[in-house]
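Geometric and topological summary
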Amino acid sequence: TDTPGAHQEVTTLELEHVYGCHGAATRGNLCYLGPNSVLFFAAAVGVVQSKGTSKQRFLVGHNARVTCLATSPDRPPLG
């Protein structure tokens, strides 16, 4: 007999591209990382986007919405 939940299929999702962000309730949600890339956030994901190709890399690991960001010249570049 089939027990509800006994044969659950595991499905994973992969983030491909972030389209836009909600900046009205945030401050400093965009940083230039040099002439060819920008850093912004959308929900709980940081996005490094190449200006020339629009290719994106994702910075994940937050459990809640990101509300601000900062960069430091003392840290290795993300772009």
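Scroll up for the structure.
The structure reproduced in this document is the subject of the present report. One numbering rule holds for all chains: residues counted from 1, following each sequence as written. Local features in this predicted model are restricted to residues of pLDDT 70 or higher, and side-chain atom pairs are both shown and tallied only at a pLDDT of 80 or more, whereas totals for entire chains, interfaces and linings draw on every residue. Based on all heavy atoms of the structure, the side-chain values leave hydrogens and waters out of the count.

1. Description of the overall build of the protein chain
Runs of E in the DSSP output that reach at least two residues are strands. Runs of H or I that reach at least four are helices, and both are numbered from the N terminus. Counting its regular elements, the protein chain contains zero helices and four strands. Along the protein chain, helices (α) and strands (β) appear in the sequence β-β-β-β when read from the amino end. Note on contacts: a residue pair is in contact if any heavy atoms of the two residues lie within 4.5 Å. Partitioning the intrachain contacts of the protein chain with sequence separation of at least 6 by distance along the chain shows that 33% fall at a separation of at least 24. Of the roughly 6500 Å² of accessible surface on the protein chain, a fraction of 53% belongs to carbon and sulfur atoms. Per-residue accessibility takes into account occlusion by the displayed protein chains alone, with areas from the Shrake-Rupley method and a 1.4 Å probe.

2. A closer look at unusual backbone geometry
Even without a glycine there, the phi angle at Ala-43 is positive, about 60 degrees. Structurally, Ala-43 can be placed in the loop between strand S2 (37–42) and strand S3 (45–50). Non-glycine residue Ser-54 carries a positive phi angle of around 65 degrees. Examined against the element boundaries, Ser-54 turns out to sit in the loop between S3 and strand S4 (56–59).

3. Considerations on the pairing of S2
Using a 1.4 Å probe on the protein chains alone, a residue whose accessible area is under 20% of its type maximum counts as buried, one over 50% counts as exposed, and one in between counts as partly exposed. Extensive coverage of S2 is indicated by the burial of six of its six residues. Residues Ser-37, Leu-39 and Phe-41 line one face of S2 and the alternating positions Val-38, Phe-40 and Ala-42 line the opposite face, and both faces are buried. Inspection of the sheet shows strand S1 (residues 30–32) paired to S2 by three bridges, in the antiparallel sense. The partner of Cys-31 across the bridge, within S2, is Leu-39. Taking the residues between adjacent antiparallel strands as the criterion, S1 and S2 are bridged by four residues, where Gly-34 takes a positive phi near 110 degrees. Across six bridges, S2 lies against S3 in antiparallel orientation. Opposite Val-38, over in S3, you have Gln-49 as the bridge partner. Two strands are said to pair when DSSP picks up at least two bridges between them.

4. Brief notes about the sheet that holds S2
Reading across from one edge, S1-S2-S3-S4 is the order of the four strands in this open sheet, with antiparallel pairing throughout. Among the strands making up the open sheet, the edge pair consists of S1 and S4. If you compare each strand with its neighbour and ignore which way they point, the axes differ by 20 degrees on average. Helix axes use the C-alpha atoms of the stretch in contact, all axes being lines fitted to C-alpha atoms, and the angles between their N-to-C directions lie in the range 0 to 180 degrees.

By themselves, these figures tell us nothing about what the structure is for.
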